[in-house]
Amino acid sequence: MDFEFDIRPPSDDQPYEITSFAKKYGLTIPIADAVLFAKGPSRTACDAAALAFLCAIAAQAKRQRSQ
């Protein structure tokens, strides 16, 4: 049998799968789904949105700790 495997990274226009995206950024499935819905199918846009979301959460936590 001859098998061919494509080991190239997915292109930017190929949408993320929700669970793999959630795992990549440590998001819950509903949050990952919301980000993908808002910014998909661009992987670049989804990656940027996930990082911005995580930064916003960290900033909010920092503000709450300082109060």
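Let me sum up the structure you'll find in this document.

Parameters and conventions
Residues numbered from 1 in each chain as written. Predicted model: local features only at pLDDT ≥ 70, side-chain atom pairs only at ≥ 80, totals over all residues. Heavy atoms only, no water. Phe/Tyr/Trp six-rings, centres within 6.5 Å; stacked < 30°, edge-to-face > 60°. Buried < 20%, exposed > 50% of the residue type's maximum accessible area, 1.4 Å probe, protein only. Core = buried A, V, L, I, M, F, W, Y, C linked by side-chain atoms within 4.5 Å. Contact = heavy atoms within 4.5 Å. Helix = DSSP H or I, 4+ residues; strand = E, 2+ residues; numbered from the N terminus. Polar contact = N/O pair within 3.5 Å; in protein donor to acceptor, adjacent residues only side chain to side chain.

## Overview of the packing of aromatic side chains
Here's step 1: The final tally for this structure, using the stated rule, is 2 aromatic pairs.
Here's step 2: Taken together, a centroid distance of 4.8 Å and an interplanar angle of 45° make the contact between Y16 and F21 tilted. Considered together, Y16 and F21 belong to a single accessibility category, that of buried residues.
Here's step 3: Following the ring pairs from residue to residue traces out a cluster consisting of Y16, F21 and Y25.

## Considering the nonpolar core
Here's step 1: Counting 11 residues, the largest nonpolar core is built from Y16, F21, A22, Y25, L27, A32, V35, L36, C46, A49 and A50.
Here's step 2: Beyond its immediate chain neighbours, meaning those up to four positions away, C46 contacts Y16, F21, V35, L36, K39 and G40.

## Observations regarding the environment of L27
Here's step 1: Position of L27 among the secondary structure elements: in the loop between α1 (18-25) and α2 (29-39).
Here's step 2: On the basis of relative accessible area, L27 is assigned to the buried category, the value being 11%.
Here's step 3: The sequence separation of L27 and A50 amounts to 23 residues, and the corresponding C-alpha distance is 8.4 Å.
Here's step 4: Apart from residues no more than four positions distant in its own chain, L27 is found in contact with F21, A22, A32, A50, F53 and L54.

## Some details on the side chain of R43
Here's step 1: Locating R43 in the fold gives a position in helix α3 (residues 43-66).
Here's step 2: R43 sits in the buried class, given a relative accessible area of 16%.
Here's step 3: Sequence-distant contacts of R43, that is, excluding residues within four places in its chain, are made with P10, S11, D12, Q14, P15 and Y16.

## Quick notes on the side chain of D47
Here's step 1: By the element assignment, D47 lies in helix α3.
Here's step 2: Take D47: its relative accessible area is 18%, and that puts it in the buried class.
Here's step 3: At 2.5 Å, the side chain of D47 and the side chain of Y16 are in polar contact.

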